[in-house]
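# Residue-level structural notes
This is what each chain is made of:
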Amino acid sequence: MERGIKARAMMLVEPKHFTLTELPTQPVDRGGWLAVEATGISGADIQVWKGEARDVVYPLVPGHEVVGRIATEGPTIPFPIGTRVVVEPRIRCGVCHRCKQSLATCVRRRPSNSYGFIPSIEPPGLWGGLAEYLFIDPDARLHPLTDDVPAEVSTFVHPLAAGHTWAVELPELKTGENVLILGPGPRGLACLIAAKAAGAGWVGVTGLAHDRDRLELAKRLGADLTINVEKEDVGGAIAEAVGRRPDIIVDVTSDDPEAVFTALDLVRSGGRVILASTKGNRAFHFLSDVLVAKQLTIRGAMGASSVGYQWATRQIEIDPRIDDLVSHQFPLSEASRALQAAAGLLGREELISVAVTF
Ligand SMILES: [Zn+2]
């Protein structure tokens, strides 16, 4: 790329207020530049946009589900110019005690180590996917991706990687085990794809009445049962359809404390519960005796592992059904509309997931 080229960037100057700006991509000694091709919009981006995310300093360039092409070479850039890569959101040193345990946060990168959450005041400013160029930090992790996947579809690598981490890797899913996924959002559907691919015996997905299209898609993706929790009793529906309790329950509902109780209540004795969604910092009454009596394992999950990304970059190449999972596509100039769409403010019908493409 030319030296000092300016990148058009959608800067979030305060909650819900984007400004289209230009930021310079100065030459760097370490790291390099990525020409962004597409960026997915996730629930965490919606929180940043609404001003509901904790510890976020504005202004910043949001967007952490990035796919693009290597635009510069350098000692820390592992692929040639032009290589299409998926960028892991979390920038990690790889050697501190947290990184060695595969935790999401890194001791050496505080306060924020995730693309899309780093303030623009931190040089070189381009830390988000809603810009033409993204800074490739020397500690960034990149995964090559085939050119065959359409740009907007390629962003689904990110939820897919999380789905594998949450439904397969963390609960150590074994062939033939039954999995219940609470919430049919992009990550819930990704959990379904990953669990099925890993040989789960039976997979169920729950949702609300307005999730009808997502639940229909879940069926096409191989869900053995979909349950509208506003109409049906989840435990009763599973008892009737399967006759035994799920071995693993993954909570990926959006902001629903009740889902935790549902998971603890319905999982089998000795089962595993993965909690992968936050509850808006709300407290709720919690009876710990059920954990003891049922000898449960509960695990909190945040973000996707590198193993998840390795799996997802291969799966998206071979699974054309994933094309249906990106329902909305917007240009950079319509970033506000992209966020509104992802938040369900432009209608929930037909909404699966949203990408911004360049
Ligand atoms: Zn580290």
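Reading the values: rules and limits
- Residues numbered from 1 in each chain as written.
- Predicted model: local features only at pLDDT ≥ 70, side-chain atom pairs only at ≥ 80, totals over all residues.
- Heavy atoms only, no water.
- Donors = N, O, S within 2.8 Å, 3.2 Å for Na, K, Ca; no water.
- Tetrahedral: all angles 85-135°; square planar, octahedral: opposite > 155°, others 65-115°.
- Buried < 20%, exposed > 50% of the residue type's maximum accessible area, 1.4 Å probe, protein only.
- Helix = DSSP H or I, 4+ residues; strand = E, 2+ residues; numbered from the N terminus.
- Right-handed = clockwise from strand over helix to strand, strands pointing away.
- Pairing = 2+ DSSP bridges.
- Salt bridge = Lys/Arg side-chain N within 4 Å of Asp/Glu carboxyl O.

Taken together, Cys-93 (SG), Cys-96 (SG), Cys-99 (SG) and Cys-106 (SG) make up the full set of protein donors to the zinc ion, lying 2.3 to 2.4 Å away. Around the zinc ion sit four donor atoms, and with donor-metal-donor angles ranging over 103 to 117 degrees the site reads as tetrahedral. In the primary structure, the donors to the zinc ion are separated according to the pattern C-x2-C-x2-C-x6-C. Cys-96 gets classed as buried once you look at its relative accessible area, which sits at 7%. The class of Cys-99 is buried, set by a relative accessible area of 8%.

Burial runs high along strand E9 (residues 202-207): six of the six residues are buried. Across the two faces of E9 the burial is the same, with Trp-202, Gly-204 and Thr-206 and Val-203, Val-205 and Gly-207 all buried. For the crossover from strand E8 (residues 178-182) across helix H5 (residues 186-197) to E9, the handedness is right-handed. Bridging between E9 and strand E10 (residues 225-228) involves four bridges; their strand directions are parallel. Directly across from Val-205, in E10, lies its bridge partner Thr-226. With helix H6 (residues 212-220) bridging E9 and the parallel E10, this β-α-β connection has right-handed handedness.

Another point: the pattern of salt bridges. Here the structure, examined in full by the defined rule, presents 16 salt bridges. Put simply, Asp-137 and Arg-109 hold a salt bridge, and the shortest N to O gap is 3.1 Å. Of this pair, Asp-137 sits in the loop between strand E6 (133-136) and strand E7 (142-144) while Arg-109 sits in the loop between helix H2 (97-100) and E6, and the two are 28 residues apart along the sequence. Residue Asp-137 shares its accessibility class with Arg-109, and that shared class is buried. Here Asp-251 and Lys-279 are joined by a salt bridge, their closest N and O atoms 2.7 Å apart. Of this pair, Asp-251 sits in strand E11 (residues 248-251) while Lys-279 sits in the loop between strand E12 (272-275) and helix H9 (289-294); the two residues are 28 residues apart in sequence, bridging distant segments of the chain. For the pair formed by Asp-251 and Lys-279, the shared burial category is buried. What you see here is one network of salt bridges that share partners, running through Glu-177, Arg-244, Asp-247, Arg-268 and Arg-272.

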